[in-house]
Amino acid sequence: MNKSTSGAAQRQRILQALALRPHTSYELRKLGCYQCPTRIIELRRLGHDIKTERVSIWDDEGFEHHGIALYSLVAEA
């Protein structure tokens, strides 16, 4: 995996992850994408159709988080 934190590298990692399955913003942060909403907006502007849904999750330490974004790739540009 490319460990760069550049916007381009983050967009690439997000697209690769979403091509496999929907991912939450929490999961994408673990891939080094800390500005998920910004990167998703950039990907949409590049023509990718990405759906956002709000969900509740429990993290690795058992804490519940409400309103987490779940991103799904509907269609690539």
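Residues numbered from 1 in each chain as written. Predicted model: local features only at pLDDT ≥ 70, side-chain atom pairs only at ≥ 80, totals over all residues. Heavy atoms only, no water.

**Q** I would appreciate a short explanation of the sheet that holds strand β1 (residues 23–24) in the present structure.
**A** Strand pairing in a sheet takes place through backbone hydrogen bonds and is either antiparallel or parallel in direction. One open sheet accounts for 3 strands, arranged β1-β3-β2; its pairing is antiparallel. Unpaired on one side and paired on the other, β1 and β2 (49–58) mark the two borders of the sheet. As paired elements, β2 and strand β3 (residues 64–75) share 9 bridges and run antiparallel to each other. By the bridge assignment, Ile50 is partnered in β3 with Leu73. The strands that helix α1 (residues 7–20) touches are β1, β2 and β3; relative to β3, the one it contacts most, it runs at about 85°. Across the sheet, helix α3 (residues 36–45) lies against β2 and β3, angled at about 160° from β2, the strand it touches most. (Pairing = 2+ DSSP bridges. Helix = DSSP H or I, 4+ residues; strand = E, 2+ residues; numbered from the N terminus. Contact = heavy atoms within 4.5 Å. Axes fitted to C-alpha atoms, helices over the stretch in contact; angles between N-to-C directions.)

**Q** Help me understand the pattern of salt bridges, please; the structure alone is not making it clear to me.
**A** Within this structure, the stated rule accounts for 4 salt bridges. Here Glu42 ties to Arg11 by a salt bridge, and the two come within 2.7 Å at their closest N and O atoms. With Glu42 in helix α3 and Arg11 in helix α1, this residue pair connects regions lying 31 residues apart in the sequence. Looking at Glu42, the relative accessible area reads 23%, which means it is partly exposed. Asp60 is the salt-bridge partner of Lys30, the closest N and O atoms lying 2.5 Å from each other. Taken together, the positions of Lys30 in helix α2 (residues 25–30) and Asp60 in the loop between β2 and β3 put the pair 30 residues apart, joining distant regions of the chain. As far as burial versus exposure is concerned, Lys30 and Asp60 are alike and both exposed. (Salt bridge = Lys/Arg side-chain N within 4 Å of Asp/Glu carboxyl O. Buried < 20%, exposed > 50% of the residue type's maximum accessible area, 1.4 Å probe, protein only.)

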